[in-house]
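Single-letter residue listing:
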Amino acid sequence: MARVLVVEDDQFVRSALIRHLSDASHSVRSVGTALEALREVAQIGFDVVILDLGLPDLDGAEALKMLRGITDVPVIIATARDDETEIVRLLNDGADDYLTKPFSVEHLSARMAAVLRRSRAAGGEPHARVLRVGGLLVDPLRRQAELDGVPLDLTRREFDLLAFLAGRPGVVVPRRELLAEVWQQSYGDDQTIDVHLSWLRRKLGETAAAPRYLHTLRGVGVKLEPPR
Ligand code: CA
């Protein structure tokens, strides 16, 4: 059972989705605009959001960006456009998966199950231990991190990235591996990683020019180590 928010303006598609998801014993809420979706996720905790890209009020990419500004909830994009460039961009912008319309109920269920499995695994590994690197403390189980005793306010991706690197202190992790392990993607551009790294850096109070914990080795990878 999952709490699902369906964001879809097409009444026909929407009722079909609600019916199928309810039949699969999920708890479903639905809205027809991006702004309503933002209001919903701000008020209610969902396990997954199914986001139609063609909404009447906001462009899908814009809607995704705004959603990501307030929540880390897994988002599955539902798109009629079979446009690979757009899909790659949205995956890089924080979408967890996508479906091209028309899609079958089975396909949706499978994608939802995979996304939920990933987010639950990331959120609650039973034997995850607290990682310490210098003054940095990362608790994978509680998904909390602090630096010199001060809690860090990280997004889901930033936390995953930090936790992955903190689990391998001093080791240069290739970008390809980061994409695969943190983003669960076998493709993507370096910009995705760079953008998240720069956000993470800012939260750690350092810069690429004057790194303390996070070191980028151009063309090779990234490593996290205690400051000297
Ligand atoms: Ca639509």
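**Section: the sheet that holds strand S11 (residues 214-217)**
The strand order across the open sheet formed by three strands is S10-S12-S11, and the pairing between neighbours is antiparallel. Each end of this open sheet is capped by a strand with a single partner; those strands are strand S10 (173-174) and S11. The sheet contact formed by S10 and strand S12 (residues 221-224) spans two bridges and is antiparallel. Paired with Pro174 across the bridge in S12 is Gly221. The sheet contacts of helix H8 (residues 190-203) involve S11 and S12, and relative to S11 the element is tilted by about 150°.

**Regarding the coordination of the calcium ion**
For the calcium ion, every protein donor is listed as Asp9 (OD), Asp52 (OD) and Gly54 (O), and the spread of their distances is 2.3 to 2.4 Å. Along the chain, the residues donating to the calcium ion are arranged with the sequence spacing D-x42-D-x1-G. On the criterion of sequence distance, the pair formed by Asp9 in the loop between strand S1 (3-7) and helix H1 (11-23) and Asp52 in strand S3 (residues 48-52) is long-range, its members being 43 residues apart. For Asp9, a relative accessible area of 35% translates into the label partly exposed. Of the residues examined, Asp52 reaches a relative accessible area of 5% and is grouped as buried.

**Considerations on the sheet that holds strand S7 (residues 136-139)**
Overall, antiparallel pairing links the four strands, which are arranged S6-S7-S8-S9 in an open sheet. Because the sheet does not close on itself, it has two edges, and the strands there are strand S6 (131-133) and strand S9 (150-151). Relative to strand S8 (residues 144-147), S7 is paired through four bridges, and the arrangement is antiparallel. In the strand pairing of S8, Val138 is matched with Ala145.

Reading the values: the criteria
- Residues numbered from 1 in each chain as written.
- Predicted model: local features only at pLDDT ≥ 70, side-chain atom pairs only at ≥ 80, totals over all residues.
- Heavy atoms only, no water.
- Pairing = 2+ DSSP bridges.
- Helix = DSSP H or I, 4+ residues; strand = E, 2+ residues; numbered from the N terminus.
- Contact = heavy atoms within 4.5 Å.
- Axes fitted to C-alpha atoms, helices over the stretch in contact; angles between N-to-C directions.
- Donors = N, O, S within 2.8 Å, 3.2 Å for Na, K, Ca; no water.
- Buried < 20%, exposed > 50% of the residue type's maximum accessible area, 1.4 Å probe, protein only.

It is worth stressing that arrangement in space is one thing and function is another; only the former is reported here.
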